[in-house]
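Architecture and fold: a report
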Amino acid sequence: MRKIAREYPGAMLALVLSEFRGGRKRNSMKRHLHSSLGWLVCFTLIATMLTGCKDDAEEPEPEPTTGAEEPEPEPEPEVEPVAEPCVVETVYFAFDSSELDSAARAALQEAADCYRGQADPGLSLLLTGACDPRGTEEYNIALGERRAQSVRSYLISLGIDGSRISTTSVGEEMATGTDEAGWARDRNVSGSEN
């Protein structure tokens, strides 16, 4: 076979392959593979046993007490009550007026009390004045602004910081009324946190 391999260069590869398939080299490779698998199995078993031992470890027993020493119960954490958000109720106005009536003053008094007691002094308030659709657009914008300023002035007189209150007017833009009852709802000032 070796003589053929010398005469034909491609036959050398065939010779090498034939030795691996049926000769000594194949048995050597087989033994090496079995040996490697044996070590891998042993290593896996040892690693599994070591990690299993950690779970079986006994915890040290707590020190016995004499009975006279009772552990103090842990104090319950104090839960602060959640403050209700302050709301400026919508206040309503008479036709072509920016004067506050008694119901509006009472609603604003409640809102002022809430805002004065609030923990966040940086909270600001936006007052939006609105009108019914009667009158010109320019007149209604100005009237809505006067209404918002009237509410702002009253809140300042009740102790609310004026720098926290801003005003705006939407005039008749938000009006939805089609009769006197609907127009009465359109003439208002509403407040929102800004």
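Residues numbered from 1 in each chain as written. Predicted model: local features only at pLDDT ≥ 70, side-chain atom pairs only at ≥ 80, totals over all residues. Heavy atoms only, no water.

**Describing the overall build of the chain**
Summing up its helical and strand segments, the chain has six helices and four strands in all. What you see in the chain, going N to C, is helices and strands ordered as α-α-α-β-α-β-α-β-α-β. A burial count over the chain gives 25% of its 194 residues as buried. Within the chain, contacts between residues at least 6 apart in sequence are counted, and of these 73% link residues at least 24 apart. For the chain, the accessible area works out to roughly 14700 Å², and carbon and sulfur atoms hold 57% of it. (Helix = DSSP H or I, 4+ residues; strand = E, 2+ residues; numbered from the N terminus. Buried < 20%, exposed > 50% of the residue type's maximum accessible area, 1.4 Å probe, protein only. Contact = heavy atoms within 4.5 Å. Areas by Shrake-Rupley, 256 points an atom, 1.4 Å probe, with all protein chains shown as cover.)

**What about the pattern of salt bridges?**
This model, assessed by the stated rule, comprises four salt bridges. Arg187 serves as the salt-bridge partner of Asp132, at 3.0 Å between the closest nitrogen and oxygen. With Asp132 in the loop between β2 (125-130) and α5 (137-157) and Arg187 in the loop between α6 (180-186) and β4 (188-193), the pair connects residues that are 55 residues apart, well separated along the chain. Judged by its relative accessible area of 6%, Arg187 falls in the buried class. A salt bridge links Glu180 to Arg134; its shortest N-O distance comes to 3.5 Å. You can see Glu180 sitting in helix α6 and its partner Arg134 sitting in the loop between β2 and α5, a full 46 residues away along the chain. Residue Arg134 is classed as partly exposed on the basis of its relative accessible area, which comes to 28%. Residues joined in a network through salt bridges with shared partners are Asp132, Arg134, Glu180 and Arg187. (Salt bridge = Lys/Arg side-chain N within 4 Å of Asp/Glu carboxyl O.)

**Focus: α5**
Here α5 spans 30 Å end to end across 21 residues, near enough to the 30 Å set by a 1.5 Å rise per residue. On its buried face, α5 sits against β1 (91-92), α4 (102-116), β2, β3 (165-171) and β4. (Expected span 1.5 Å × (residues − 1).)

**Some remarks on the pairing of β4**
Inspection of the sheet shows β1 paired to β4 by two bridges, in the antiparallel sense. Residue pairing for β4: Val91 is matched across the bridge by Val189. Note: β2 against β4, six bridges, orientation antiparallel. Bridge pairing in β4 links Ala130 to Asn188. (Pairing = 2+ DSSP bridges.)

**Here we look at the sheet that holds β1**
Spatially, four strands are ordered β1-β4-β2-β3 in an open sheet, and the strand pairing comes out mixed. The open sheet terminates on both sides in strands that have one partner only, identified here as β1 and β3. In the sheet, β2 pairs with β3 via six bridges, with the strands oriented parallel. Among the inter-strand pairings, Leu126 is bridged to a residue of β3, identified as Ser166. Strands β1, β2, β3 and β4 of the sheet are contacted by α5, whose axis makes an angle of about 155° with β3. (Axes fitted to C-alpha atoms, helices over the stretch in contact; angles between N-to-C directions.)

**So, the nonpolar core**
Grouped together as the largest cluster of nonpolar side chains are 22 residues, with contacts concentrated most on Val91, Leu108, Leu127, Val151 and Leu155. Put simply, the parts of the chain that give this core at least two residues each are α4, β2 and α5. Sort the elements by how many residues they give to this core and α4 lands first, with six residues. Contacts of Leu108, omitting those with residues within four sequence positions, involve Val88, Val91, Leu100, Val151, Tyr154, Leu155 and Leu158. (Core = buried A, V, L, I, M, F, W, Y, C linked by side-chain atoms within 4.5 Å.)

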